[in-house]
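Understanding the architecture of this molecule
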Amino acid sequence: MTSSAGAAKTGAARTGAAKTGAARTGVRWALVFVLAANMLVDALEVSATLVALPSVGRDLALSVTPLHWLVSGFAAGFGGFLLHGRRLVERLGRRKVYLAALLVFAAASLAGALTDSAALLVATRVVKGCCVALTAPTGLAIIMTTVPEGAARRRAVSLYSFLGATGFCAGLLLSGLLTGVGWRWALAFPAPVALLLLIAGLWLIPRDEPAPRAASGRGRHAAVAALALTVALLLAADAAAAAFDPGRTAARVAVPLAGVLLLGTLLVRAERLAAHPVVPRELLRYGPLVRSAAGAAALNGSYVAFLLVAALDLDRTGRSPWETALVFLPAGAPLALTALCSARIAALLGPARAVAAGAAAAPLGYVLYPRDGADGAGYFDLLPAMGCVGLAFVLAFTALHLRATGGIPPQRQAAAGGFYQACVQLGAVLTPAAAAALHGSGRAAALWLVTAVGLAGACVALGGLGPPARRRRATGDDDHDHRIHDSHGADSAAPRFATGGRGHPSAPDREAS
């Protein structure tokens, strides 16, 4: 009897433990789904805006040049907060930062959809960029600390990666449908979704440990630095637009450029004096990182600028937002279809060959777009241009990230990844601004500028792809032999991000593979 009773108790305990384990697993996967769904919403922001851009311009009586702010403003907020967001998370905790950013994102989406002021609309875009810079990497960090290492984590990261990569295509199709009813619906859509995810996050996201005092101090400085960098990026976009404006004056270019130089000098000086700089100086001396970041910035910037010019041209020919979305789909679909194997593709081809092929494909796509406009061009006539650009991202973007961070030790990966992604956003700040301004001289001039930027980025990225011995003689560094040593102490470890195409962090570069 005693033995039977003991066995019964043991069985009951095991059953209870199994039920508890299953419940915890269910809650954990509910959390992963919420975080991945928000990554999808974050990733559709750029593509949804590009499709809606002509409708916004008509309704608010905006010329082509100021329309770039809807894209450049988002990228400036994203890039400005991406570098310093990790310090804010260290100070305030992942849960607080993530939930607060979700709430502000929803409010900004609603405000942008309701306003008739172009200035307020641009301001909401900047704010949304700042929010995405906080939620995208923080969401993945929560997954990395909540889901146990192994098969479960790989599946969770794969889901996060896939939804981030497919967000661009989802944004195209969603905006194509909603903008046909009214562009305000396309901009308002993320608000209720973000609020639902916020409610779920309040229940699911675990609480953080209190931040140490040192992290708290760094967090205060990071907030100021992030705002300063965002303003500097906005001024840089204004200077780029002024420089390529056919009616430019010297003063119009000099004023924002002086602001960029002033803020840049202050930020660099603060970094030099900091005990724990956001971007350690030895990273800036690592050739593969700098070259890959410059190549990725040119690729991302020329891509966004190309779609901006194409959206305006397709609207001019009388195409509906839905038809524009379908034309753009081949430029985003290849990345979505290969989201879970992009690292394997880069490894199969070799990063050098993948970068070379992708760097050539993007300018080829820009050249193939008709310089005299898409009048009379059918869907299949435009397919080669869009397909080449989409292929460029599949081949080059992950490979560039792997080359950028391949020789960097784990304790420096977070800083290197932040620098790389900020450079990617810089491309989306400057090139669309310049292309929109030059559009006043003609569509062909804007397209040639985009092509030139793509070619320049290809040359920079390809500059380090020669044989190691020749590269050492020419540049003084070697992608394989040169390594970065940790001389300032270890930074807090953080997941590394590869971008899901348009500069949105969607997956750590190696976990997903």
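These notes cover the structure that comes with them.

Calculation notes
Residues numbered from 1 in each chain as written. Predicted model: local features only at pLDDT ≥ 70, side-chain atom pairs only at ≥ 80, totals over all residues. Heavy atoms only, no water. Helix = DSSP H or I, 4+ residues; strand = E, 2+ residues; numbered from the N terminus. Contact = heavy atoms within 4.5 Å. Areas by Shrake-Rupley, 256 points an atom, 1.4 Å probe, with all protein chains shown as cover. Buried < 20%, exposed > 50% of the residue type's maximum accessible area, 1.4 Å probe, protein only. Polar contact = N/O pair within 3.5 Å; in protein donor to acceptor, adjacent residues only side chain to side chain. Salt bridge = Lys/Arg side-chain N within 4 Å of Asp/Glu carboxyl O. 1 Å grid on protein atoms, 1.4 Å probe; cavity = no way out; pocket = protein on both sides within 12 Å on 5 of 7 lines; lining within 4 Å. Points joined across faces, edges and corners; volume = space filled by probe spheres on them. Nonpolar A, V, L, I, M, F, W, Y, C, P; charged D, E, K, R; others polar. Axes fitted to C-alpha atoms, helices over the stretch in contact; angles between N-to-C directions. Parallel < 35°, antiparallel > 145°, perpendicular 65-115°, else oblique. Left-handed = near helix turned anticlockwise from the far one by under 90°. Phe/Tyr/Trp six-rings, centres within 6.5 Å; stacked < 30°, edge-to-face > 60°. Lys NZ or Arg CZ within 6 Å of the ring centre and 35° of its normal. Arc of directions from axis to C-beta.

**Some words on the overall build of the protein**
Within the protein, the secondary structure is distributed over 21 helices and two strands. A separation threshold of at least 6 residues defines the contact pool for the protein, and within that pool the share at least 24 residues apart is 84%. Accessible surface computed for the protein: about 20800 Å², of which carbon and sulfur atoms make up 67%.

**Re the environment of glycine 440**
Among the secondary structure elements, glycine 440 is positioned in the loop between α19 (410-438) and α20 (443-462). The exposure class of glycine 440 is exposed, given its relative accessible area of 62%. In this structure, the C-alpha to C-alpha distance between glycine 440 and valine 64, residues 376 residues apart in sequence, is 7.6 Å.

**Quick look at the side chain of arginine 443**
Here arginine 443 shows up in helix α20. Separated by 3.0 Å, the side chains of arginine 443 and aspartate 313 make a polar contact. Those residues in contact with arginine 443 that lie beyond four places of it in its chain are Val309, Asp313, Arg316, Arg371, Asp372 and Gly373.

**Focus on the pattern of salt bridges**
The full count for this structure, using the stated rule, is 10 salt bridges. Measuring nitrogen to oxygen at the nearest pair gives 2.6 Å for the salt bridge that ties aspartate 315 to arginine 58. Of this pair, aspartate 315 sits in helix α14 (residues 287-316) while arginine 58 sits in helix α2 (residues 45-59), and the two are 257 residues apart along the sequence. Owing to a relative accessible area of 55%, arginine 58 belongs among the exposed residues under this scheme. Here arginine 184 and aspartate 59 are joined by a salt bridge, their closest N and O atoms 3.5 Å apart. In this pair, arginine 184 is assigned in helix α9 (residues 183-188) and aspartate 59 in helix α2, connecting sequence segments 125 residues apart. According to the relative accessible area criterion, aspartate 59 is partly exposed, its value standing at 46%.

**Comments concerning the layout of surface pockets**
In this model, the largest pocket occupies a volume close to 1200 Å³. Around the largest pocket, the lining comprises 38 residues; the ones closest to its centre are Leu83, His84, Leu267, Val268 and Glu271. By residue number, the principal contributor to the lining of the largest pocket is helix α11 (residues 213-244), which donates 10 residues. Here the lining of the largest pocket is composed, by residue class, of 27 nonpolar, six polar and five charged.

**Structural notes on the packing of helix α6 (residues 94-114) against helix α10 (residues 190-204)**
Two numbers describe how α6 lies on α10: the axes approach to 8 Å, and their chain directions differ by 160 degrees. With respect to each other, α6 and α10 are oriented roughly antiparallel. The crossing of α6 and α10 is left-handed. Only Pro190, Ala191, Ala194, Leu195, Leu197, Leu198, Gly201 and Leu202 of α10 make contact with α6, whose side of the interface consists of Arg95, Leu99, Leu102, Leu103, Phe105, Ala106, Ser109 and Leu110. Considered class by class, the residues forming the contact of α6 with α10 number 13 nonpolar, two polar and one charged.

**Re empty space enclosed by the protein**
Applying the stated criterion across every chain yields a total of seven cavities of 30 Å³ or more. Estimates place the volume of the second largest cavity at around 90 Å³. Taken together, 15 residues form the lining of the second largest cavity, with Gly295, Leu299, Ala359, Gly457 and Ala458 sitting closest to its centre. Looking at the lining of the second largest cavity, the elements with two or more residues in it are α14, α17 (351-368), α18 (379-405) and α20.

**Some details on the packing of aromatic side chains**
Counted under the stated rule, the structure contains seven aromatic pairs. A centroid spacing of 4.6 Å and a plane angle of 75 degrees characterise the contact between tyrosine 303 and phenylalanine 393, whose relative ring orientation is edge-to-face. One end of the pair, tyrosine 303, is in helix α14; the other, phenylalanine 393, is in helix α18, and 90 residues separate them in sequence. Note on phenylalanine 306 and tyrosine 369: the rings are 5.6 Å apart at their centroids and 90 degrees apart in plane angle, and the pair reads as edge-to-face. Of the two residues, phenylalanine 306 is situated in helix α14 and tyrosine 369 in the loop between α17 and α18; the sequence distance between them amounts to 63 residues. Of the two residues examined, phenylalanine 306 and tyrosine 369, each falls in the buried class. One aromatic cluster is present, built from ring pairs that chain together Phe168, Tyr303, Phe393 and Phe397. If you follow lysine 128 out to its NZ or CZ, it ends over the ring of phenylalanine 105, 5.0 Å from the centre. Between arginine 371 and the ring centre of tryptophan 448, over which it is positioned, the NZ or CZ distance is 4.2 Å.

**Comments concerning the packing of helix α5 (residues 85-92) against α6**
The N-to-C vectors of α5 and α6 enclose an angle of 120 degrees; their axes lie 6 Å apart at closest approach. Residues Leu88, Val89 and Leu92 of α5 touch α6, and the partners they reach there are Arg94, Lys96 and Val97. Taken together, the residues of the contact of α5 with α6 break down into four nonpolar, no polar and two charged.

**Quick look at helix α16 (residues 342-349)**
An α-helical turn contains 3.6 residues, so any two residues separated by three or four positions project in the same direction. Inspection of α16 places Ser342, Ala343 and Ala346 among the buried residues, and these make up the whole buried set. The arc that holds the buried residues of α16, viewed along the axis, is 105 degrees, so those residues lie on one side. Looking at α16, the residues exposed on the side facing more than 90 degrees away from the buried face are Ala347 and Leu348. Each element contacted by the buried residues of α16 is listed here: α17 and α18.

**Looking at unusual backbone geometry**
With a phi angle near 55 degrees, alanine 61 is a residue other than glycine that sits in the positive phi range. Looking at the element boundaries, alanine 61 is found in the loop between α2 and α3 (64-67).

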